[in-house]
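Overview (structure and organization)
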Amino acid sequence: MGILYVVPTPIGNLEDITLRALRILREASLIAAEDTRTSRVLTRHFDIRTPMTSYHEHNKLSKLDQILSALATGDVALISDAGTPGISDPGSELIREAIAQGYDVVPLPGASAITAALVGSGMAMDRFLFVGFLPRKASALKALLGQLASETGTIIAYESPYRLTDSLRAIAEVLGGERAVCVAREISKKFEQFYRGSVGEACDYFLRENPRGEVTLLIAGAAPTDSRWTDEQVFGALGERISAGESLSSAAKAIARAAGWSKSDVYQLGIKKD
């Protein structure tokens, strides 16, 4: 019986591949690639001549048996377009099925946009939550953000550059415009960028600067519960500011930052107590 090797490939610079990954790709009897056209750029560069087959979202049902049959007689290397296979791609299903059928699955350490974006963001790294690709529908995105509102770890997601500004607007609406974010774009490529700032600032910036390329979005976690203000504390602070002539919107923005609340939640409390 063969071994299914899960082989990370570079997310940008081809020099990011490991020596072990190159050896496995050369020694395997078959490479299962998400996109053979993309992967052949890599294999040609390193003169790897192992037979290759495609395995992606649209053919995974028909190709699964073929790849498992190949495992019966030799090793198979699973690769994705870039990064570590199995994370937000159909490779996860092949891995589960190989395990279920008794094959050894050996993951190789290597390139991952998630960890590269996290360590480059400057955000808390002791706890983080990866949520995959953000929902396309606005209602589903806001529902997800509502569920994540109290998450204290750094939140990491993949996003399309074409939906980035819409997602930033939704984050500002649900979590507050002062919540810190990092937009990690084109990691390990020529035009790599780490934009760090508040949600509101990021939204304004990317409305002016048309984002392109692969995007990993990081959202700072909520303030820990023990430092979060109670309803009474928030309402008292609102009362003081409004009595001094400040608008509810302005007061909510200032208080949210100190209270560990979203601006919208402070604003809604102000309306209810009015």
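Quick summary incoming for the structure in this document. (Residues numbered from 1 in each chain as written. Predicted model: local features only at pLDDT ≥ 70, side-chain atom pairs only at ≥ 80, totals over all residues. Heavy atoms only, no water.)

What follows deals with the side chain of S80. Here S80 lies in the loop between β4 (76-79) and α4 (91-100). For S80, a relative accessible area of 2% puts it in the buried group. From its side chain, S80 meets the backbone oxygen of A82 in a polar contact 3.1 Å long. The contacts of S80, once residues within four sequence positions are left out, are T9, E34, S39, P85 and D89. (Helix = DSSP H or I, 4+ residues; strand = E, 2+ residues; numbered from the N terminus. Buried < 20%, exposed > 50% of the residue type's maximum accessible area, 1.4 Å probe, protein only. Polar contact = N/O pair within 3.5 Å; in protein donor to acceptor, adjacent residues only side chain to side chain. Contact = heavy atoms within 4.5 Å.)

What follows deals with the layout of surface pockets. Roughly 990 Å³ of internal volume is contained in the largest pocket. As for the largest pocket, its lining consists of 38 residues, and the residues nearest its centre are D81, A82, G83, F133 and E214. The set of elements that each furnish at least two residues to the lining of the largest pocket consists of α2 (36-45), β7 (154-159), β8 (180-185) and β10 (215-219). For the lining of the largest pocket, the element with the most residues is α2, which contributes four residues. Grouping the amino acids of the lining of the largest pocket by side-chain chemistry returns 16 nonpolar, twelve polar and ten charged. Approximately 300 Å³ is the volume found for the second largest pocket. Together, 20 residues line the second largest pocket, and L175, R179, G260, W261 and S262 are the ones closest to its centre. Of all elements in the fold, only α7 (164-175), α10 (248-259) and α11 (263-273) reach the threshold of two or more residues within the lining of the second largest pocket. For the lining of the second largest pocket, a count of residues per class yields eight nonpolar, six polar and six charged. (1 Å grid on protein atoms, 1.4 Å probe; cavity = no way out; pocket = protein on both sides within 12 Å on 5 of 7 lines; lining within 4 Å. Points joined across faces, edges and corners; volume = space filled by probe spheres on them. Nonpolar A, V, L, I, M, F, W, Y, C, P; charged D, E, K, R; others polar.)

Okay, empty space enclosed by the protein next. Taking a probe equal in size to a water molecule and rolling it over the atoms shows the remaining empty space. This structure, assessed with the given rule, holds two cavities of 30 Å³ or more. As a volume, the largest cavity reaches approximately 40 Å³. Within the lining of the largest cavity, the residues separate by chemical class into five nonpolar, two polar and two charged. The space that makes up the second largest cavity amounts to roughly 30 Å³. V131, L134, L145, L148, I155, A157, L217 and I219 together form the lining of the second largest cavity.

To continue, consider helix α8 (residues 199-208). Three or more residues of α8 are buried, namely V199, A202, C203 and F206. When α8 is viewed along its axis, its buried side chains cluster within an angular range of 100° and face the same direction. The inward-facing, buried residues of α8 contact α7, β8 and β9 (193-198). (Arc of directions from axis to C-beta.)

A separate point is the pattern of salt bridges. A complete count under the given rule lists twelve salt bridges for this structure. Across the pair D47 and R49 runs a salt bridge whose closest N-O atoms are separated by 3.1 Å. Residue R241 pairs with E246 through a salt bridge whose shortest N-O separation is 2.9 Å. Look at the salt bridges and you will find they share partners, linking E57, K60 and E93 into a network. (Salt bridge = Lys/Arg side-chain N within 4 Å of Asp/Glu carboxyl O.)

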